[in-house]
Amino acid sequence: QVQLVESGGGTVQTGDSLRLSCTASGRTLSNYIIAWFRQAPGKEREFVASSSWSGSTIYYSDSVKGRFTISRDNTKNTVYLQMNSLNSEDTANYYCAGRERSGPFVHTNPGEYELWGQGTQVTVSS
């Protein structure tokens, strides 16, 4: 069974950086869109960024644009989320998700993704 596994979360201070990893096991997701979502306690799951497996098409939410960078290493079957200039509003459980690519590239609703990782916690403290 294909699985997505996130790692790299932790506790940092405001202004620090973290790099999250999402590794796909079982197969190479060459035809998939990979996205990052985040969810804080009591809040809805929020779209962060997405990328085609090749990296040719990338999309960011306004809240992270200019601070976060999504990238990938196809040889390691891994997608990364480099997070810079972190602040308290970035505190959340971060999930990676996969969707078979078809039609328009941009998909920001969680229900549009069929593969999900278990999440990794990011906490930003002052």
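Our subject is the structure that appears above.
Residues numbered from 1 in each chain as written. Predicted model: local features only at pLDDT ≥ 70, side-chain atom pairs only at ≥ 80, totals over all residues. Heavy atoms only, no water.

Chemist: Honestly, the state of the cysteines in this entry has me stumped. Any pointers?
Modeler: In a disulfide, the sulfur atoms of two cysteines are held together by a covalent bond. Throughout the structure, instances matching the rule amount to one disulfide. Through a disulfide, Cys 22 is tied to Cys 96; the S-S separation comes to 2.2 Å. One quick way to see it: the torsion about the S-S bond of Cys 22 and Cys 96 is about 70 degrees, and its sign makes the bridge right-handed. You can see Cys 22 sitting in strand β3 (residues 18-25) and its partner Cys 96 sitting in strand β9 (residues 92-100), a full 74 residues away along the chain. Note on accessibility: Cys 22 and Cys 96 belong to one class, buried. (Disulfide = S-S within 2.5 Å. Helix = DSSP H or I, 4+ residues; strand = E, 2+ residues; numbered from the N terminus. Buried < 20%, exposed > 50% of the residue type's maximum accessible area, 1.4 Å probe, protein only.)

Chemist: Can you help me understand the nonpolar core in this one?
Modeler: As a rule of thumb, nonpolar side chains are buried together in soluble globular proteins. Core analysis: the largest hydrophobic core is formed by 28 residues, its most contacted members being Leu 29, Trp 36, Val 48, Phe 68, Leu 81, Met 83 and Tyr 94. For this core, the secondary structure elements donating two or more residues are β3, β4 (32-39), β5 (46-52), β7 (68-73), β8 (78-83), β9 and β11 (120-125). Ranked by residues supplied to this core, first place goes to β3 with four residues. Apart from the residues within four sequence positions on either side, Met 83 is in contact with Asp 16, Ser 17, Leu 18, Leu 20, Arg 67, Phe 68, Tyr 94 and Val 122. Core analysis: the next-biggest nonpolar cluster, separate from the first, contains seven residues, Ile 33, Phe 47, Phe 105 and Tyr 113 among them. (Core = buried A, V, L, I, M, F, W, Y, C linked by side-chain atoms within 4.5 Å. Contact = heavy atoms within 4.5 Å.)

The quantities given are spatial measurements derived from coordinates; they are silent on function.
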